[in-house]
Amino acid sequence: MKTMTMTIPARAEWTLALRMAVSGVGAIYDLPVDVLSDLRSAVDESCELLLHQTYCVKTLTLSVEEKQDGVYMSIAAQCCDQMQTEPRADAEIAKLIIETLVRQVDLRTEDDSVQEVRMILPASVKK
């Protein structure tokens, strides 16, 4: 696998589809069960963060790309101009949680909202 992309509607019930896609990535890379569980938790935390920002979100896009130095995964939000009424998620706490689950995490922000969560999978993942 070189690159995989999947876009879903930005609703909590659809995040299960991203978890299932990550399970497929785990099968491709023959991940140990504990690493796969951590990745699914990182996806959950990332989706929760992205769905609870300043602006409403239209879609979430999962991208997984194999590079020479590892496997990179990102979840990006396509936002609209309408403000959310729900409380915002705390980006720093979410980042701390995700950092315990993957090798590296980076949050891309725009207009005071997190728009993308980028992760590098544990070094043992790359075949």
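On a predicted model such as this, the values are computed, not experimentally measured, just so you know.

Draft legend 1. Representation of the packing of helix H1 (residues 15-28) against helix H2 (residues 33-51). Interaxial distance between H1 and H2 falls to 9 Å at its minimum, and their mutual angle equals 150°. Judged on the interaxial angle alone, H2 and H1 are roughly antiparallel. For the pair H1 and H2, the sense of crossing is right-handed. Contacts from Thr15, Leu18, Arg19, Val22, Ser23 and Gly26 of H1 reach H2 at Leu36, Leu39, Arg40, Ser41, Val43, Asp44, Cys47 and Leu51.

Draft legend 2. The arrangement of the sheet that holds strand S5 (residues 113-120) in detail. Taken in spatial order, the five strands make up an open sheet running S1-S2-S3-S5-S4, and their pairing is antiparallel. Of all the strands in the sheet, the pair left with one neighbour each is strand S1 (3-9) and strand S4 (104-110). In this sheet, neighbouring strand axes are inclined to one another by 15° on average, regardless of whether the strands run parallel or antiparallel. Pairing of S1 with strand S2 (residues 55-67), which is carried by seven bridges, proceeds in the antiparallel orientation.

Draft legend 3. A look at the pairing of S4. Sheet topology places S4 next to S5; seven bridges connect them, and they run antiparallel. Bridging across to S5, Asp106 finds its partner in Arg118. Where S4 folds back onto S5 in an antiparallel hairpin, the turn is made up of two residues, including Asp111, whose phi is positive at roughly 50°.

Draft legend 4. Seen up close, H2. Compared with an ideal rise of 1.5 Å per residue, which puts 19 residues at 27 Å, H2 spans 27 Å between its outermost C-alpha atoms and is within 8% of the ideal. All of the buried residues in H2 are Val35, Leu36, Leu39, Ala42, Val43, Ser46, Cys47, Leu49, Leu50 and Leu51. Where H2 is buried, its residues meet H1, S2, strand S3 (70-83), helix H3 (91-99), S4 and S5.

Draft legend 5. Structural view of the pattern of salt bridges. Applying the stated criterion across every chain yields a total of seven salt bridges. Where Arg19 meets Asp44, a salt bridge forms, and the shortest distance between an N and an O atom there is 2.6 Å. In this pair, Arg19 is assigned in helix H1 and Asp44 in helix H2, connecting sequence segments 25 residues apart. With relative accessibility at 32%, the residue Asp44 sits in the partly exposed group. Notably, a salt bridge pairs Arg118 with Glu116, separated by 3.1 Å at the nearest N-O pair. The class for Arg118 is partly exposed, based on a relative accessible area of 36%. Among the ionic contacts, a cluster of salt bridges with common partners joins Asp106, Arg108, Glu110, Glu116 and Arg118.

Criteria and thresholds
- Per chain, the residues get numbers from 1 upward, laid out in the order the sequence is written.
- Only residues with pLDDT of at least 70 are given local features in this predicted model, and only at 80 or more are side-chain atom pairs given and counted; all residues enter the totals for whole chains, interfaces and linings.
- Computation of side-chain values: all heavy atoms of the structure, hydrogens and water removed.
- Helix axes use the C-alpha atoms of the stretch in contact, all axes being lines fitted to C-alpha atoms, and the angles between their N-to-C directions lie in the range 0 to 180 degrees.
- The numbering of helices and of strands both runs from the N terminus, where a helix is a DSSP run of H or I of at least 4 residues and a strand a run of E of at least 2.
- When an angle is under 35 degrees it counts as roughly parallel; over 145 it counts as roughly antiparallel; between 65 and 115 it counts as roughly perpendicular; any other value is oblique.
- When the near helix sits turned anticlockwise from the far one by under a right angle, the crossing is termed left-handed; a clockwise turn instead gives a right-handed crossing.
- Residue contacts are counted whenever heavy atoms from the two residues lie within 4.5 Å of one another.
- For two strands to count as paired, DSSP must find a minimum of two bridges between them.
- Any helix carries an expected span of 1.5 Å times its number of residues minus one.
- Each residue's exposure class comes from its accessible area (1.4 Å probe, protein chains only) as a fraction of the maximum for that residue type: buried when under 20%, exposed when over 50%, partly exposed otherwise.
- When a carboxyl oxygen of Asp or Glu lies within 4 Å of a side-chain nitrogen of Lys or Arg, that pair is called a salt bridge.

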